[in-house]
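Survey of secondary and tertiary structure
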Amino acid sequence: MQHTRVTALAAISLAATLSLTACGDDSGKGSSTKGSPSSSSSSSSSSSSSSSSSEGGSKSEGGKGSGSEAGSAKAGSGGDAGAGAAAKGAAKTGGKVTFCKTRDLAIDAADAAPDAESGRIDVTMVNRGSTTCSATGFAGVDIKDADNTSNPIERGHAQPRITTLKPGDAAVFNLAYTIDPSGDSLASPTNLLVTPPNETHSVSLKWPAGAGAIKGAYTDVQVYPTHTTN
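The present account deals with the structure reproduced in this document. Nothing here was measured: the structure is a model prediction, and the numbers come from that model.

The subject of this paragraph is the overall build of the chain. Along its length, the chain carries 1 helix and 12 strands. Considering only contacts within the chain whose residues lie at least 6 apart along the sequence, 76% involve residues at least 24 apart. Of the roughly 14,700 Å² of accessible surface on the chain, 53% is carried by carbon and sulfur atoms.

Have a look at this one:
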């Protein structure tokens, strides 16, 4: 009888042990199952964050690329503009000849009136220097009167022409006025004071013999720009 109780107790004890083991396994399984979604969610979040970061990096690189290209375009444009400006500057300075000096010019004045009404004095300048020079522009001219006064002559309405003189070449400019045939002219010119274009030194020339009398005042005489004789 006692043996039967012991056997029964042993059986109950074994059943209890098996029951506890089964419960522990179920708990582990439940914990594992619950942990899986959490882990999956965390992984998904991490993946999303990584993807976002990657996209952000891509945009940032794209922005830098665009800025760099824009900068390159501007730099290129500025370089071309700078090269163009440099080329123009070189053309202006490198290809420019110096103006003719008074000391290198042989200057003479002559009557060149085409008729009895139109007075004209031609002033010729010959380059006696050893280098090419420019005589472009208006010469300064004063007419000296018998009473020792000097009267500056106004410029005529004409556009200067490029006048470049090689050694031996000549340029000419004109004085124009109306001739007074009455014999009552109040002008008594004796000399012309001529200053070549862009110069400060003058030469004194005799008023051409045979030139018609000036009608009106010296302010009615006009000087025109130089041009070549070729």
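Alright, that's what it looks like, and here's the rest.
Judged by nonpolar contacts, the single largest core of 29 residues is most densely connected at Ile121, Val123 and Leu192. Of all elements in the fold, only β1 (105-111), β2 (118-127), β4 (140-145), β8 (170-178) and β9 (189-195) reach the threshold of two or more residues within this core. Looking at this core, the element that brings in the most residues is β8, giving 4 residues. If we skip the residues at most four places from it in the chain, Ile121 touches Ala109, Ala110, Asp111, Phe173, Asn174, Leu175, Tyr177, Leu192, Trp207, Pro208 and Ala211.

Enumeration over the complete set of coordinates arrives at 1 aromatic pair. On the numbers, 6.2 Å between centres and 45° between planes, the contact of Tyr177 with Trp207 is tilted. Placement of Tyr177 in strand β8 and of Trp207 in the loop between β10 (203-206) and β11 (222-223) is noted, with a sequence separation of 30 residues between them. Considered together, Tyr177 and Trp207 belong to a single accessibility category, that of buried residues.

Attention now goes to the pairing of β2. Counting buried residues in β2 gives 7 out of 10 residues, a clear majority hidden from the surface. Here 7 bridges tie β1 to β2, and the two strands are oriented antiparallel to one another. By the bridge assignment, Ala109 is partnered in β2 with Val123. The antiparallel pairing of β1 with β2 creates a hairpin that spans 6 residues between the two strands. With 9 bridges joining them, β2 and β8 adopt antiparallel strand pairing. Considered in β8, the bridge of Asp122 is made with Asn174.

What follows is about the pattern of salt bridges. Tallied over the entire structure, the rule returns 1 salt bridge. The partner of Asp122 in a salt bridge is Arg120, and the shortest N-O contact between them spans 3.3 Å.

Below, the discussion takes up the pairing of β9. Burial runs high along β9: 5 of the 7 residues are buried. Alignment of β4 against β9, held across 6 bridges, turns out to be antiparallel. Within β9, the residue paired with Gly140 across the bridge is Thr195. When β9 meets β10, the two strands line up antiparallel, connected through 4 bridges. Note on β10: the bridge partner recorded for Leu193 is Ser204.

With the rule as written, the count across this model stands at 1 disulfide. Here Cys100 connects covalently by a disulfide to Cys133, the sulfurs 2.0 Å from one another. With the S-S bond torsion at 85°, the cross-link from Cys100 to Cys133 turns out right-handed. Taken together, the residues Cys100 in the loop between α1 (2-94) and β1 and Cys133 in strand β3 (residues 133-134) connect sequence positions 33 residues apart. You can call Cys133 buried: its relative accessible area is 6%.

Sheet architecture is open: 4 strands sit in the order β5-β4-β9-β10, paired in antiparallel fashion. The open sheet has two edge strands, β5 (150-152) and β10, and neither has a second partner. Taking the axes of each pair of neighbouring strands and ignoring which way they run, one obtains an average angle of 30° across the sheet. Looking at chain direction, β4 and β5 are connected through 3 bridges and run antiparallel. Bridge pairing links Asp142 to Pro152 in β5.

Moving on to the side chain of Thr136. Locating Thr136 in the fold gives a position in the loop between β3 and β4. Within the structure, Thr136 has its side chain in polar contact with the side chain of Ser134 (distance 3.1 Å). Within the local environment of Thr136, its side chain forms a polar contact with the backbone nitrogen of Thr163, the two atoms lying 2.7 Å apart. Once residues lying within four places of it in the same chain are set aside, the contact partners of Thr136 are Phe99, Arg161, Ile162, Thr163, Pro197, Asn198 and Thr226.

Reading guide: rules and limits
Residues numbered from 1 in each chain as written. Predicted model: local features only at pLDDT ≥ 70, side-chain atom pairs only at ≥ 80, totals over all residues. Heavy atoms only, no water. Helix = DSSP H or I, 4+ residues; strand = E, 2+ residues; numbered from the N terminus. Contact = heavy atoms within 4.5 Å. Areas by Shrake-Rupley, 256 points an atom, 1.4 Å probe, with all protein chains shown as cover. Core = buried A, V, L, I, M, F, W, Y, C linked by side-chain atoms within 4.5 Å. Buried < 20%, exposed > 50% of the residue type's maximum accessible area, 1.4 Å probe, protein only. Phe/Tyr/Trp six-rings, centres within 6.5 Å; stacked < 30°, edge-to-face > 60°. Pairing = 2+ DSSP bridges. Salt bridge = Lys/Arg side-chain N within 4 Å of Asp/Glu carboxyl O. Disulfide = S-S within 2.5 Å. Axes fitted to C-alpha atoms, helices over the stretch in contact; angles between N-to-C directions. Polar contact = N/O pair within 3.5 Å; in protein donor to acceptor, adjacent residues only side chain to side chain.

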